[in-house]
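Chain by chain, the residues:
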Amino acid sequence: MDEKLKAFLLLNSIGADLRAWNKFCAAETEPSALWKDTERFAGTLLTANAAGRLIEAEKNGWAEKEYDSCSAFGATLIAYGSDSYPKALRDLKDAPLVLYFKGSTTAVSGKTVGVVGTRRATSYGKQVAYNIGNRAASENTQVISGGAAGIDGQAHSGCCNADGTTFAVLGTGVDVVYPFSNKELFERIKEKGALISEFPLGTQGEAWHFPKRNRIVAALSKRIVVAEAPEKSGAIITARLGLELGREIWAVPGRITESTSEGTNKLIFDGAYPLISLDAFFGRKAVQIDFENLQETAPQFPELNETQKKILKTIAGENDLTVDNIAVISGISAGETLKTVSLLAAFGLIETSAPGRYVLSRNR
């Protein structure tokens with residue numbers, strides 16, 4: 001084991017991430033200084049408590065033992081900056097310094113979709129999550145989720161049943177099966193994908209682990225679908241983190257009488273793309289609205305206001321834009337842009353060219 005990996009393991013063992021490593025590198029060039037002169041960093045790089053735990057870990061040879069345990073268990077250690085480290089995680093300021101992989105050697109790359117949601121899913125939510133995972137496999141898209149019961153498990157299962165590749169980012173060590181009901185599923189995930197964790201072997205599922213691992217799910221996913229979630233949910237946190245990273249956020253509309261759909265419906269209200277068709281989501285066909293019949297009963301709008309004109313001009317100038325693109329180019333808020341785009345589509349002046357992308361209507 002080289003000294004850099006040892007430094008990463010020791011920092012990781014006390015919950016430190018890339019931010020701590022960057023501070024360390026600014027003060028010191030030799031990784032071994034971390035354990036040979038730990039007390040020097042107490043109060044600056046590390047808290048006194050963290051420094052004490054790191055000194056204790058070094059005294060007990062923890063890093064060397066962890067390395068040997070991983071080899072014996074068949075888990076792969078992937079260090080930040082190595083060729084195997086997922087490039088998407090470099091978007092995180094607090095990226096994990098070490099990832100534990102247990103499963104196939106397939107890398108997380110190419111097209112990925114994160115499917116997240118509540119553990120207490122309805123039968124509808126479970127069916128939707130399963131269908132997304134299943135369809136993703138046939139579309140050569142890797143499925144990322146959290147390995148939990150409910151929505152996560154269904155998305156993984158759907159992907160596995162279509163012989164796809166899926167990765168479960170755990171809030172435990174990769175050698176801990178949680179929930180135990182997913183034991184068989186975890187074995188299937190490992191056949192083509194992997195269990196991933198930043199937590200050392202043997203780590204049990206503490207409540208704070210799961211929100212922490214959500215940043216990894218968000219970063220690994222190019223698009224995130226919240227299949228079903230109440231307003232206060234880890235899945236909503238994942239969506240927020242994904243939005244901050246520039247990922248596309250999708251949500252499955254649910255019944256307004258179901259508390260398990262309050263979060264997803266609110267995401268749509270706030271500007272997430274509504275997932276109303278798997279064909280549309282996977283780009284097999286654009287969503288088409290029957291404007292011909294709609295116009296028979298729709299009210300007539302005498303003329304466009306200035307905001308509507310500006311957005312129409314933006315689309316005409318660039319074409320094939322997302323709502324976010326339009327908002328940035330036009331300088332109009334995302335919320336106002338979303339509302340205006342919906343109206344222009346209803347007027348028949350614009351249409352979708354792909355899920356979430358707009359062009360001028362060919363029939364205007």
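All values reported here derive from a predicted model rather than from experimental measurement.

1. Focus: the side chain of Arg215
- Mapped onto the secondary structure, Arg215 falls in helix H9 (residues 209-220).
- A polar atom in the side chain of Arg215 sits 2.9 Å from the backbone oxygen of Asp94.
- At 2.8 Å, the side chain of Arg215 forms a polar contact with the side chain of Glu198.
- Beyond its immediate chain neighbours, meaning those up to four positions away, Arg215 contacts Leu92, Asp94, Ala95, Pro96, Glu198 and Leu241.

2. Focus: the pattern of salt bridges
- Under the counting rule described, the total for this entry stands at 16 salt bridges.
- Glu64 serves as the salt-bridge partner of Lys6, at 2.9 Å between the closest nitrogen and oxygen. Of this pair, Lys6 sits in helix H1 (residues 3-13) while Glu64 is found in helix H5 (residues 62-73), placing the two residues 58 residues apart along the sequence.
- Residue class for Lys6 comes out buried when judged on its relative accessible area of 10%.
- With a shortest N-O distance of 2.6 Å, Arg40 and Asp37 are connected by a salt bridge.
- Here the salt bridges share partners, and the residues they tie into one network are Lys6, Glu58 and Glu64.

3. Focus on the confidence of the model for the protein
- Chain-level pLDDT for the protein is 90 on average; 93% of the residues reach the 70-or-more range.
- For the stretch residues 294-299, pLDDT sits under 50, and the model shows four contacts to residues farther than four places along the chain or on other chains.

4. Digging into the packing of H1 against helix H4 (residues 48-59)
- Following both chains from N to C, one finds H1 and H4 inclined at 130°, their axes separated by 9 Å at the closest point. As far as their axial angle goes, H4 and H1 are oblique. In this structure, the crossing between H1 and H4 has a hand that is right-handed. In this structure, H1 uses Lys6, Leu10, Leu11 and Ser13 to contact H4, whose residues at the interface are Arg53, Leu54, Ala57 and Glu58.

5. Considerations on the sheet that holds strand S3 (residues 112-117)
- Overall, mixed pairing links the nine strands, which are arranged S1-S2-S6-S5-S4-S3-S7-S8-S9 in an open sheet. At either end of the open sheet lies a strand with only one pairing partner, and these are strand S1 (76-79) and strand S9 (273-274).
- Here helix H8 (residues 183-192) sits on the sheet and contacts strand S2 (98-103), strand S5 (166-169) and strand S6 (194-197); the angle it forms with S6, its principal contact strand, is near 100°.

6. Concerning helix H7 (residues 151-161)
- Across the 11 residues that make up H7, a large majority, nine, are buried.
- Burial in H7 covers these residues: Ile151, Asp152, Gly153, Ala155, His156, Ser157, Gly158, Cys159 and Cys160.
- Phi turns positive one or two residues past the end of H7, at Asp163, with a value near 60°.

Reading guide: rules and limits
- Residues numbered from 1 in each chain as written.
- Predicted model: local features only at pLDDT ≥ 70, side-chain atom pairs only at ≥ 80, totals over all residues.
- Heavy atoms only, no water.
- Helix = DSSP H or I, 4+ residues; strand = E, 2+ residues; numbered from the N terminus.
- Polar contact = N/O pair within 3.5 Å; in protein donor to acceptor, adjacent residues only side chain to side chain.
- Contact = heavy atoms within 4.5 Å.
- Salt bridge = Lys/Arg side-chain N within 4 Å of Asp/Glu carboxyl O.
- Buried < 20%, exposed > 50% of the residue type's maximum accessible area, 1.4 Å probe, protein only.
- pLDDT = per-residue confidence, 0-100.
- Axes fitted to C-alpha atoms, helices over the stretch in contact; angles between N-to-C directions.
- Parallel < 35°, antiparallel > 145°, perpendicular 65-115°, else oblique.
- Left-handed = near helix turned anticlockwise from the far one by under 90°.
- Pairing = 2+ DSSP bridges.

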